[in-house]
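Summary of the model geometry
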Protein chains: 4
Amino acid sequence: MAGSSIGNLFRISTWGESHGPALGVVVDGCPAGLPLSEEMVQAYLDRRKPGQSSISTPRKEADQVEILSGVFEGKTTGCPISMVVRNTSQKSHDYSQIKDVYRPGHADFTFDSKYGFRDYRGGGRSSGRETVGRVAAGAVAIELLKQMGIEICGYTQSIGPVQINRERLDFSLLGKNPTNMPDPVANEQAMEYIGQCQLEKDSVGGVVCCQVKNVPVGLGDPVFEKLDANLAKALVSIGAVKAFEIGDGIQVSMTKGSENNDPFIKTESGVEKSTNHAGGTLGGISDGDCVEVRVHIKPTPSIFQPQKTVNRDVEELEIQIQGRHDPVIVPRAVVVVESMVAITIVDALLMNMSAKLEKVQAFYNR
Amino acid sequence: MAGSSIGNLFRISTWGESHGPALGVVVDGCPAGLPLSEEMVQAYLDRRKPGQSSISTPRKEADQVEILSGVFEGKTTGCPISMVVRNTSQKSHDYSQIKDVYRPGHADFTFDSKYGFRDYRGGGRSSGRETVGRVAAGAVAIELLKQMGIEICGYTQSIGPVQINRERLDFSLLGKNPTNMPDPVANEQAMEYIGQCQLEKDSVGGVVCCQVKNVPVGLGDPVFEKLDANLAKALVSIGAVKAFEIGDGIQVSMTKGSENNDPFIKTESGVEKSTNHAGGTLGGISDGDCVEVRVHIKPTPSIFQPQKTVNRDVEELEIQIQGRHDPVIVPRAVVVVESMVAITIVDALLMNMSAKLEKVQAFYNR
Amino acid sequence: MAGSSIGNLFRISTWGESHGPALGVVVDGCPAGLPLSEEMVQAYLDRRKPGQSSISTPRKEADQVEILSGVFEGKTTGCPISMVVRNTSQKSHDYSQIKDVYRPGHADFTFDSKYGFRDYRGGGRSSGRETVGRVAAGAVAIELLKQMGIEICGYTQSIGPVQINRERLDFSLLGKNPTNMPDPVANEQAMEYIGQCQLEKDSVGGVVCCQVKNVPVGLGDPVFEKLDANLAKALVSIGAVKAFEIGDGIQVSMTKGSENNDPFIKTESGVEKSTNHAGGTLGGISDGDCVEVRVHIKPTPSIFQPQKTVNRDVEELEIQIQGRHDPVIVPRAVVVVESMVAITIVDALLMNMSAKLEKVQAFYNR
Amino acid sequence: MAGSSIGNLFRISTWGESHGPALGVVVDGCPAGLPLSEEMVQAYLDRRKPGQSSISTPRKEADQVEILSGVFEGKTTGCPISMVVRNTSQKSHDYSQIKDVYRPGHADFTFDSKYGFRDYRGGGRSSGRETVGRVAAGAVAIELLKQMGIEICGYTQSIGPVQINRERLDFSLLGKNPTNMPDPVANEQAMEYIGQCQLEKDSVGGVVCCQVKNVPVGLGDPVFEKLDANLAKALVSIGAVKAFEIGDGIQVSMTKGSENNDPFIKTESGVEKSTNHAGGTLGGISDGDCVEVRVHIKPTPSIFQPQKTVNRDVEELEIQIQGRHDPVIVPRAVVVVESMVAITIVDALLMNMSAKLEKVQAFYNR
């Protein structure tokens, strides 16, 4: 319970610092029998790798995953899956100038205050590299969802002021566009905007949207373990996320009940909603509709302009950050968002199995 | 872990349905020695009581709290505090027409699907009345924060399109204005807007803002137990909340790093930030600044217009909800938001005590 | 996590002190659809009631249970079940002489040291009355096990030096014999032994055995959540328990592998063990055989002889306890042991449902 | 919560199988500032290594630990400590004959039933090698206890019928005697007894005792999180443990209250007990006295005699186990017992810090 684990039945524990020997994750509670290999996990890690375009850091992070436990003869065994990624590309000297200085927008000051210590070589535990563990665990969760027929799809919805246009959507662009926007025009506009910011030694934020289809009705509990509440926690736990929305999100505070309520209708497969303002949950429980969430991501705090700050001795000074930093982390965050959503939904999927006595009896052939 | 509890060291478990004999909460992990009485808790419950103005339901809910354990000679004992509120005003017959019908925007359908059952007399466990337990527990948390010099203040920021104006703020109005807006002009405009919606048999949403002052530096953990992540979960677990923001929230996706980063400065008391775009946390850990969060609340789903829906037999029909329902729940939700924020911060406060070995040694005089 | 809850999916939280207004329990995670009534729970509470024979305290504790939530139309709803028992018979003045004195064998000293406070009217939270909540929750668990075809049976195996004889077993005596021994001869011998101890103003201990039949294969996890480990915690958490055994228990340290290993055999229904030295678990997982555990209970610490002790001002003195105290709590502890065993097994039963992917797929019709 | 983690604030998660690439542990919640190195952890792992005498398996397990995170400049950082030990000595072909056969006394049958799978190369997750992770985590816990002035000492109390004699105790022998008995005579007798069993192709059990000195008063909570209850769970979670005792343990069921109660006395440092039948806890809370626990360990189930059993196809057959197996695991289990005790006590130490409001206020300088 000390902060590095999330989930109840499907529970992941990440560990590792940006400049330590390695990072990793232990996934406990994955059902036995899921096909899993290092190649499968690697594909997800490759999606968050930097150095793939002009807008992501030219650091080369090999990020090769090794599975150390929990898989036997190509399938999960029900035992904890331990996955490790070695750090290979840290250049500590890049960071030495900031050893005693608190970078604005970073966790340097709060971390130092809390623990009386700080890994001055980089973000340490608060680095974006921590998400390596999340994505490796997310790979397991997404593969498990696939086995259940559940599909997850994340994408960049906006970067700075550039929004995708719902009439130009082309999801085949995902993973090809450097922005991860499923809209070729917006992609180009965003690239231009980012390029301008880079010239200004500045950085930009954006919005990631994530949709999950074929979620069974019934996931989530009615009070604190609402599916949306757990999605909120999982997503706001990603470093740079400052806002969370489900369904119509912030719009609901402006609408009326007659606009916001989704009517139920009869379909071939049973009950459905004719609209989805709710975003796939009612009373915290999935309603069978597409689960749709959005997160707002702040601009990368590492900018190359001079900034005012203080050091550990509480002396005011000016800092100019060196090194290699993405002007925007939004495109690389997409797979992290997908991972956290998948981890949350898998957990809810397993938690839901004991909701009804008759289902428990059927499980045990009673 | 089955959904009705939240918190680690300061842990609350609510129970009860809108039309059962009673609702309540058990607060476990409250430190011994906190002055507490039924009168103190009652003051918070009275703030969420309906029937106090034209815009809240005329139901009379006495909502008298009884403390059954954990307090001795006027102080908490370290043992679980059990608090109970009897239901006195349910009129079951008001609800009988909806026995087999799924109300749009409510949890009827999802609850029935999950548990094979539904308390047709009202919202049951998914009713807003469940927040009685949250507010009773919140009272304990807020009183504990007071003993630590930490102040919490929630208010209505907007109702429908009506926003408060930061130049007209008057916090002395809170608890007196029916809207809980700290702005006399906005209050009147909002009342007018709500009145209009009532005539249309419709309902409206709004935004609640909550600020916490004097939060010590260091609360929250760097990865999944970020203070903001736990605030997000606690707040999105409130029934009608569809979006969560901290600090600049959704604005960050539009700004640049040079605008969003808060510079550190030296002050008499140590390190501070000269701005607070972050909303009081950095890397998930409180930075000593004001913690500021906002939630977006959907319009009350119970509206008096006819609505299309289906029943348990999957027959399409039209429903017209009767009974007593608030056209807007935002003003009454303010104390619920304060409660969930306080519960989250108290838990983080206690969790933080074991972060440094030297502090542990000092605690045990080593 | 603050000490008053146990279980993961089936999770109970007890509250209340011996001399407060009431005691109770919240059961969260009980599957929906279990028939449950106050009468059903009352039957279990009546089994732990004092005042039923010469060897239990003549206090009259009505111990009438009230179910405040979680049951609708005679069945559980999946929501938390809140059960309350009012305290009606406390005579505070009986205890006033011990206000500042630490009774030997009681928690007075440790409680006061930990919380800076002590409910001098009785044992407070550390009183045996706390088990009221355990038994009410145990009733739910045992009823749920019955629905799964699982039978639980606890009994007194020994009191002081008096042991039951396996050749005289008569389980129809349980609930009728004041000692709860299923052996008429041992019962009489034990009654005589206890009577002698009462004359000496002394108290006695004993052993409770509990057997569970028809436990499905597969409950419990391989490492820390072993079924036997959780049984050990649940049982040692009962106030006076000082030792726990499963299967051959302490005997195993004296035997050889060839004696201790249970051979597997083929039966009509599949695989079984021809002996059961293991007590129903292998590697922490139930093996389909009878689960058999035993606990060793210390003599009631409240004895009427003068005892040396100290008071809060650390002055040595002699205390002579007054009031009404059982000379032996073993017979009344039987239903408490059954309750804790049942709670543990129900939780393991629900936890086991997500162990295999193919079962998860079948559950969701994939 | 899926079975591979234990502890609340100080929480360990082990992973790994006997024949996979590696085993390890993640320790989350260790306070920042604890001196820690691979050498320090290695010393504990070396104590559980096999191949050190005629009575332990001649397998050479290098068991070199690597610390991958959570330590910076020689001290813990407050972040999770990930430790890995590579498996180097598995000879899979030794085990191939048992691929489809359930070994008596092992988890083969229950594991296969639960997960539909079994690592036929050895015990897999249920192997004694899993304790590598426990001991690495235990090293951290024991080092932390040292910093608090708390001393832990485990030893072999008996092997088969051979008991140590309290009049011959010589604790300097621990770590030198192959039996880990602090009694030179008993050590020789036990070695002789074990040798005889080896000739008979049989195995033996024994008892490990563990004492903890200078435990502060106040650790543990009054109800389910009793210190003794958590010790029971932690110790019974060790593979071969079948019974747990604290203090006088099983003896208490035979004694009278006047014998079992420990009188309080006044000493220079405050309140103490003049005897310690309780074993260091009262009402589940540490009383400042020596915490003393004992566990009863079954004989190694791998014996070289022919045994009756069945295979996966439920055919009866005879198995004769080959390979390298300890005739007794008790001596090597001592450090595992110490580890689990230390992990439990460290967790209780941290959990106790929020028990009193005045202490919380002092911590935050209020």
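Only a predicted model underlies this, so the values are computations on that prediction, with no experimental measurement involved.

Screw-axis analysis of chain D against chain A gives a translation of 0.0 Å along the axis, an RMSD of 0.0 Å, and a rotation angle of 180 degrees. In symmetry terms, the pair is related by a two-fold rotation axis. Here 100% of the contact residues of chain D are again contact residues in chain A; the copies associate through an equivalent surface.

Turning our eyes to something else, we now look at the interface of chain D and chain A. The extent of an interface is frequently quoted as the accessible surface area lost upon association of the parts. Listed by partner, the interface residues are 41 residues for chain D and 41 residues for chain A. For the pairing of chain D and chain A, the buried interface totals around 3200 Å² over both sides, and the portion due to carbon and sulfur atoms is 62%. The interface formed by chain D and chain A contains two salt bridges. With a closest N to O distance of 3.0 Å, arginine 86 of chain A and glutamate 66 of chain D form a salt bridge. Between the two partners, chain D and chain A, sit eight residue pairs in polar contact (both at pLDDT 80 or more). Here the side of chain D that touches chain A gets five residues from one element, more than from any other, and that element is strand 2 (residues 11-16) of chain D. For the side of chain D that touches chain A, the class distribution of residues is 18 nonpolar, 13 polar and 10 charged.

To continue, consider helix 3 (residues 131-147) of chain D. All names here are of chain D. The end-to-end C-alpha distance of helix 3, which contains 17 residues, comes to 24 Å, matching closely the 24 Å that a straight helix rising 1.5 Å per residue would cover. In terms of burial, helix 3 is a largely internal element, 15 of the 17 residues being buried. Where helix 3 terminates, the next one or two residues include glycine 149, which has phi positive at roughly 80 degrees.

It is worth spelling out the sheet that holds strand 1 (residues 5-6) of chain A at this point. The antiparallel open sheet is built from five strands, whose spatial order is 1-2-3-7-4 (chain A). In the strand order of this sheet, the two ends are held by strand 1 and strand 4 (65-67) of chain A, each with one partner.

With that settled, consider the pairing of strand 18 (residues 316-320) of chain D. All names here are of chain D. In this sheet, strand 18 lies alongside strand 17 (residues 306-310) in antiparallel orientation, the contact comprising five bridges. What sits directly across from glutamine 307, in strand 18, is isoleucine 319. What sits between strand 17 and strand 18 in their antiparallel hairpin is a turn of five residues, with valine 314 showing a positive phi close to 55 degrees.

Okay, the sheet that holds strand 8 (residues 151-159) of chain C next. Strand order across the open sheet formed by 10 strands is 9(C)-8(C)-10(C)-16(C)-11(C)-11(D)-16(D)-10(D)-8(D)-9(D), with antiparallel pairing between neighbours. The open sheet is flanked by strand 9 (162-163) of chain C together with strand 9 (162-163) of chain D, the only strands paired with a single partner. Across eight bridges, strand 8 of chain C lies against strand 10 (residues 206-213) of chain C in antiparallel orientation. By the bridge assignment for strand 10 of chain C, glutamate 151 of chain C is matched with lysine 213 of chain C.

A few words on the side chain of glutamate 292 of chain A. All names here are of chain A. Its location among the elements puts glutamate 292 in strand 16 (residues 291-297). Given a relative accessible area of 16%, glutamate 292 falls into the buried group. At 3.3 Å, the side chain of glutamate 292 forms a polar contact with the side chain of arginine 294. Aside from chain neighbours lying at most four places away, what touches glutamate 292 is Arg166, Cys209, Cys210, Gln211, Glu245, Ile246, Gly247 and Gly279.

Calculation criteria
In every chain, residue numbers begin from 1 and rise along the written sequence. All chains are assigned letters beginning at A, and all ligands numbers beginning at 1, according to the order in which they are written. Restriction of local features to residues with pLDDT of at least 70 applies here, the model being predicted, together with a cutoff of 80 or more for giving and counting side-chain atom pairs; totals for whole chains, interfaces and linings are based on all residues. Excluding hydrogens and water, the side-chain figures rest on all heavy atoms present in the structure. Copies are brought into register by a least-squares superposition over C-alpha atoms of residues with pLDDT of at least 70 in both. Here a residue-residue contact requires only that any non-hydrogen atoms of the pair lie within 4.5 Å. Reported buried area values correspond to the accessible surface (1.4 Å probe) lost by two parts on association, with both partners' losses combined. Any carboxyl oxygen of Asp or Glu that lies within 4 Å of a side-chain nitrogen of Lys or Arg is treated as forming a salt bridge with it. Any N or O atom pair separated by 3.5 Å or less is treated as a polar contact, with the protein-specific requirement of one donor-capable and one acceptor-capable atom, and with residues adjacent in sequence counted only for side-chain atom pairs. In this text, helices come from DSSP runs of H or I with a minimum length of four residues, and strands from runs of E with a minimum of two, each type numbered from the N-terminal end. Only Asp, Glu, Lys and Arg are considered charged in this grouping, and only Ala, Val, Leu, Ile, Met, Phe, Trp, Tyr, Cys and Pro are considered nonpolar; every other residue, Gly among them, is considered polar. Expected span, for any helix, means 1.5 Å times one less than how many residues it has. Any residue under 20% of the maximum accessible area for its type is buried, any over 50% is exposed, and the rest in between are partly exposed; the area is computed with a 1.4 Å probe on protein chains only. One bridge is not enough; two strands pair if DSSP finds at least two bridges between them.

Read these as layout, nothing more, since geometry by itself doesn't imply function.
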